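Report on the structure
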Amino acid sequence: MDFKDITSIGDLVTKWVGIYLNKTSDRKDKEDKALRSIMFSLFETTTYMREVLDSKDIIDYEKEKKLGLMWFETSVLVRPYNPDLAERCFFKGLYWGDHSRFTEKELTDKRIKLNSIEEDISRAIKAIN
């Protein structure tokens, strides 16, 4: 093996490491985007619910529609990392489309109440390396 061969191997290793680091960085960016999305969805939902609880006549169906769409988008972003949580985000989106679709028991059983989702977000934050 001569010097040219060693240089070629070194170039290949450098490329492979670069590809690996780029994939790792890309995955980390996507995970961060998914986490930001679910945190944002939770925050927007929490603030809206506080407004509604403070004054029952503030119900805003356009805002609820936007919340539903936000939860659907979050579901798609979360799916590669936590399919169970993604499914729950999907149902949360359906809930905002039509509250009467779910009973209180179904909300609890499907774990789509905010406190259940908060617990999963907390676990996800702790799991980030």
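About the cut-offs
Residues numbered from 1 in each chain as written. Predicted model: local features only at pLDDT ≥ 70, side-chain atom pairs only at ≥ 80, totals over all residues. Heavy atoms only, no water. Patch = residues over 30% accessible without salt bridge, like charges linked within 9 Å, V, L, I, M, F, W, Y side chains within 5 Å. Areas by Shrake-Rupley, 256 points an atom, 1.4 Å probe, with all protein chains shown as cover. Salt bridge = Lys/Arg side-chain N within 4 Å of Asp/Glu carboxyl O. Lys, Arg positive; Asp, Glu negative; His and termini not counted. Charge placed at Lys NZ, Arg CZ, Asp CG, Glu CD. Helix = DSSP H or I, 4+ residues; strand = E, 2+ residues; numbered from the N terminus. 1 Å grid on protein atoms, 1.4 Å probe; cavity = no way out; pocket = protein on both sides within 12 Å on 5 of 7 lines; lining within 4 Å. Points joined across faces, edges and corners; volume = space filled by probe spheres on them. Nonpolar A, V, L, I, M, F, W, Y, C, P; charged D, E, K, R; others polar. Buried < 20%, exposed > 50% of the residue type's maximum accessible area, 1.4 Å probe, protein only. Expected span 1.5 Å × (residues − 1). Arc of directions from axis to C-beta. Axes fitted to C-alpha atoms, helices over the stretch in contact; angles between N-to-C directions. Parallel < 35°, antiparallel > 145°, perpendicular 65-115°, else oblique. Left-handed = near helix turned anticlockwise from the far one by under 90°. Contact = heavy atoms within 4.5 Å.

On to a negative patch on the surface, then. The grouping of Glu51, Asp54, Asp60 and Glu62 at the surface amounts to a negative patch. By the element assignment, Glu51 lies in helix 1 (residues 3–54).

Moving on to the layout of surface pockets. The space that makes up the second largest pocket amounts to roughly 280 Å³. Taken together, 15 residues make up the lining of the second largest pocket; nearest its centre are Met49, Lys92, Tyr95, Trp96 and His99. Sorting the residues of the lining of the second largest pocket by element identifies helix 1, helix 3 (83–97) and helix 4 (104–109) as the ones contributing at least two each. If you tally residues by element for the lining of the second largest pocket, the top one is helix 1, at 4 residues. Across the lining of the second largest pocket, the residue classes break down as 10 nonpolar, 1 polar and 4 charged.

What follows is about the pattern of salt bridges. This structure, assessed with the given rule, holds 8 salt bridges. The shortest N-O distance in the salt bridge between Asp84 and Arg88 comes to 3.4 Å. Within this pair, Asp84 and its partner Arg88 are both found in helix 3, separated by 4 residues, close to a single helical turn. Assessed through its relative accessible area of 2%, Arg88 is described here as buried. A salt bridge links Asp120 to Arg88; the nearest nitrogen and oxygen atoms lie 2.2 Å apart. Of this pair, Asp120 sits in helix 5 (residues 114–127) while Arg88 sits in helix 3, and the two are 32 residues apart along the sequence. Of the residues examined, Asp120 reaches a relative accessible area of 8% and is grouped as buried. Via salt bridges that share partners, Asp84, Arg88, Arg111, Asp120 and Arg123 belong to a single interconnected network.

Attention shifts here to helix 5. An ideal rise of 1.5 Å per residue puts 20 Å on 14 residues; helix 5 measures up with 20 Å between its terminal C-alpha atoms. Those residues of helix 5 lying buried are Leu114, Ser116, Ile117, Asp120 and Ile121. Looking straight down helix 5, one finds its buried side chains confined to an arc of 160°; they lie on one side. Across from the buried face of helix 5, at angles greater than 90 degrees, the exposed residues are Arg123 and Lys126.

What follows concerns the packing of helix 2 (residues 61–78) against helix 3. Across the interface, helix 2 lies against helix 3 with an axial gap of 7 Å and an inter-helix angle of 165°. With respect to their mutual orientation, helix 2 and helix 3 come out roughly antiparallel. You can see that helix 2 and helix 3 cross each other, and the crossing is left-handed. Where helix 2 abuts helix 3, its residues Glu64, Leu67, Gly68, Trp71, Phe72, Thr74, Ser75 and Val78 lie against Leu85, Ala86, Glu87, Cys89, Phe90, Lys92, Gly93, Leu94 and Trp96.

This brings us to the side chain of Ser37. Position of Ser37 relative to the elements: it lies in helix 1. According to the relative accessible area criterion, Ser37 is buried, its value standing at 14%. Ser37 has contacts with Thr74 and Leu77, leaving out every residue within four places of it along the chain.

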